[in-house]
Amino acid sequence: MAAPDKAIAKLRAEIEKHDRLYYKSAQPVIDDQAYDRLKAELAALEAAHPSFEFEDSPTQSVGDDRLESFESYQHRLPMLSLDNTYSQEELIEFGQRLEKRFPDQALKYLVEPKIDGVAVSLTYEKGEFVRAVSRGNGTEGDDISSNVRHIEGLPDCIADAPDVLEVRGEIYMLHEEFERINVTREAESQALYANPRNLAAGTIKLLDPAEARARKLDIVLYGVGACEPARFFSHQAEIQERLKAWGFPVLEKIWLTDGIEQAWSSIEELDTLRQKFSYPTDGAVVKLDDFRLQEEAGFTSKAPRWAIAYKFEAERAETLLKEISLQIGRTGVVTPVAILEPVQLAGTTVSRATLHNEDEIRRKDIRPGDTVLVQKAGEIIPQVLGVVKSKRPADSQAFDFGQHLRDLGIVAERDPDGAAWRIVSKDDPIRQQRALQHFASRACMDIENLGSAVVEQLVDRGLVKDIADLYALTKEQLLELDKFAEKSAQNLVDALEVSKQRALWQLIHGLGIPHVGKQSAKDLEAHFVTLDHIARASEEDLEEVDGIGSIMAQSIHAWFSDGTNDSLIHRLRDFGLNFDAQRSAQSNGKLSGKILVLTGTLPTLTRSEATDLIEKAGGRTSSSVSKKTDYVVAGEASGSKYAKAVKLGVAILDEPAFLALVQ
Ligand code: IVH
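The paragraphs below set out a description of the structure included in this document. (Residues numbered from 1 in each chain as written. Predicted model: local features only at pLDDT ≥ 70, side-chain atom pairs only at ≥ 80, totals over all residues. Heavy atoms only, no water.)

1. A word on the nonpolar core
Working step 1: Ranked by internal contacts, the top residues of the largest apolar core, which has 51 residues, are I447, L470, L507, L511, L531, I556 and L572.
Working step 2: The element contributing the most residues to this core is helix 22 (residues 550–561), with 5 residues.
Working step 3: Setting aside anything within four residues of it in sequence, one finds I447 in contact with F439, A440, Y471, L492, A495, L496 and S499. (Core = buried A, V, L, I, M, F, W, Y, C linked by side-chain atoms within 4.5 Å. Buried < 20%, exposed > 50% of the residue type's maximum accessible area, 1.4 Å probe, protein only. Helix = DSSP H or I, 4+ residues; strand = E, 2+ residues; numbered from the N terminus. Contact = heavy atoms within 4.5 Å.)

2. Digging into helix 19 (residues 518–528)
One turn of an α-helix holds 3.6 residues; hence residues three or four places apart share an orientation.
Working step 1: Where helix 19 is concerned, the buried positions are S520, A521, K522, D523, L524, E525 and F528.
Working step 2: Backbone geometry just after helix 19 places V529 at a positive phi near 70 degrees.

3. Here's the deal with the site of the ligand
Working step 1: The ligand sits among 13 residues. The nearest are E112, K114, I115, R135 and E170.
Working step 2: A distance of 2.7 Å separates an oxygen atom of the ligand from a polar side-chain atom of R135.
Working step 3: Of all the elements in the fold, those that place two or more residues in the shell around the ligand are strand 3 (108–115) and strand 10 (281–288).
Working step 4: Broken down by element, the residue count for the shell around the ligand peaks at 4 residues, all from strand 3.
Working step 5: A per-class count over the shell around the ligand returns 8 nonpolar, no polar and 5 charged. (Near = heavy atom within 4 Å. Polar contact = N/O pair within 3.5 Å; in protein donor to acceptor, adjacent residues only side chain to side chain. Nonpolar A, V, L, I, M, F, W, Y, C, P; charged D, E, K, R; others polar.)

4. Considering the layout of surface pockets
Working step 1: Counted as a void, the second largest pocket has a volume near 720 Å³.
Working step 2: Every residue lining the second largest pocket is counted, 25 residues in all, and those nearest its centre are K426, R431, L511, W559 and N565.
Working step 3: Where the lining of the second largest pocket is concerned, the elements lending two or more residues are helix 13 (429–440), helix 22 and helix 23 (563–574).
Working step 4: In terms of residues, the lining of the second largest pocket owes the most to one element, helix 13, which gives 5 residues.
Working step 5: Partitioning the lining of the second largest pocket into residue classes produces 8 nonpolar, 8 polar and 9 charged. (1 Å grid on protein atoms, 1.4 Å probe; cavity = no way out; pocket = protein on both sides within 12 Å on 5 of 7 lines; lining within 4 Å. Points joined across faces, edges and corners; volume = space filled by probe spheres on them.)

5. Observations regarding the packing of aromatic side chains
Working step 1: Scanning the model with the defined rule gives 14 aromatic pairs in all.
Working step 2: Measuring from centroid to centroid gives 5.5 Å for Y124 and F248, while their planes differ by 85 degrees, and the two rings are edge-to-face. Here F248 lies in the loop between helix 8 (236–245) and strand 9 (255–258) and Y124 lies in strand 4 (residues 118–125), a separation of 124 residues in the sequence.
Working step 3: Judged by its relative accessible area of 2%, F248 falls in the buried class.
Working step 4: Ring pairs connect the aromatic residues Y124, F129 and F248, which therefore count as one cluster.
Working step 5: Here the basic side chain of K205 rests over the ring of F70, its NZ or CZ set 5.7 Å away from the ring centre. (Phe/Tyr/Trp six-rings, centres within 6.5 Å; stacked < 30°, edge-to-face > 60°. Lys NZ or Arg CZ within 6 Å of the ring centre and 35° of its normal.)

See below:
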């Protein structure tokens, strides 16, 4: 074994490297559990060899997210970290330590979900929001106000507030938003974010606030730092109520428990409920409830002695990677996907996992035939963590991405400044097929009878090269395709005819403009009303749309300025496709022209089911409550949007009332 000084120095350097990647670059290369293991290993070594100076050790600090481009700000009260554990036994020991310290007290603990987001401290002075600051090094953080103040549900001012108040919580990103952004980044061959937490961390540190605004962040508050005059609170459990009354989004559920054993039962209950929460959770935080006792228990250099984080193990499994298949996106980007021997993970069967790009495969040296370790990051997307090298077949060879492309006859180039391979030529039949499949898909023009096999034949036979060509197809041409007869040919002709009347946003989405997903298409429709207005809009005009940042604005402007696309639009117009939002609104629908906002968890409907019902009734959904909102449909835990609806006097519906309205 290495001498302890060498081992300690090596571990410290390694942990510092991971701290930089996690806190400063928001691009960690190992998962939380692996990181926590390194830290535990270092802490054990340091404890066994106390002679090695460890004031500067990463075990004694909270990491540091500060960047030079931001102004830093001193927290009035430091933002500390928490000791964490993955073991029930250690959690009980934490309780026993406190029982020993306070033998005469019946200790109550508050159990809270631990949110997997980015810590933030909001300062309010005389009830007015003045600043948002990142945790930084715990003492001093970056002023991220411009990227935070627009987060929905954050009150600008609070009533009956203390003179100075620091409210503490986490900024996070919903999984849908994470997916939306990664899909567009993929299309632009930019590096993908590994999980919503990293993307949220990257977003609050963007230098362009318009860009940050285009990514939807959410926030939840659970604590208080400085509070002047002091003693507004005497127990942890009051904070939640108080924050809620001030209009902050708060935790959906907390447990006030008697003793550490009961706290453990609540953690178990939390584990069964947490998938339904709107924010990602990676554990529970157990806090002594009584502030007087908290004060007496005190702190170590980085964490309170009165609280502990219990982290849930991410579910992992070993399985065989059967092959690496290549998926081609609508703009020609090639994404490698691991095809796995199906395996049970966190309650679902996993048979595919994204491998992101060539560099990721090379870094982890992933090869077909390998046994790999898969994990559901944030409990949702399966990830290949690494290879079980001991199980690698003797004849295995490193995966050659370029060769694999050539073997499959895919003509692609690697982006000079990115990690993605892309089919560059618009004349490439595979790229044409993907663009057509995207156009015909449910999320776009929803053209029945135009599945992948039909698209493939149409392109192979040279009948269709772009989306406008679809509308020139004749029944006779279709009859020549495999498996087409009188009826199926007529059905497709009819389906294409019907599609001409689709809502404008469906067409916008279907055009395949890089970066523009379904929600952005809806935002564009709502703002500009006609396709011609969008086509004529300047980058500045486009940036004015809520939800459209500078990169997307640039991309939309560039797309419409391209001569080929201009003639494509002309041809679509000549074929009679709907370019006008007013024409497409279901004027006879019960919600025709109405704007609804969904918030909280509804008892039976999912978000997308409720959205479908609204759109079928001619209405439209928006993500934020404003004076233009006609109804807010509110489920459980609908804090800030609900509060805003009340403030603006917008009608609020629960699920039964909503169903009565649409059905
Ligand atoms: S209390 C003095 N409660 O987890 C301790 N922290 O790993 C203050 N976190 O720094 C923290 N959910 O950024 C607390 N319900 C919760 C939390 C929570 C997430 C974060 C927080 C903290 C980190 C420690």
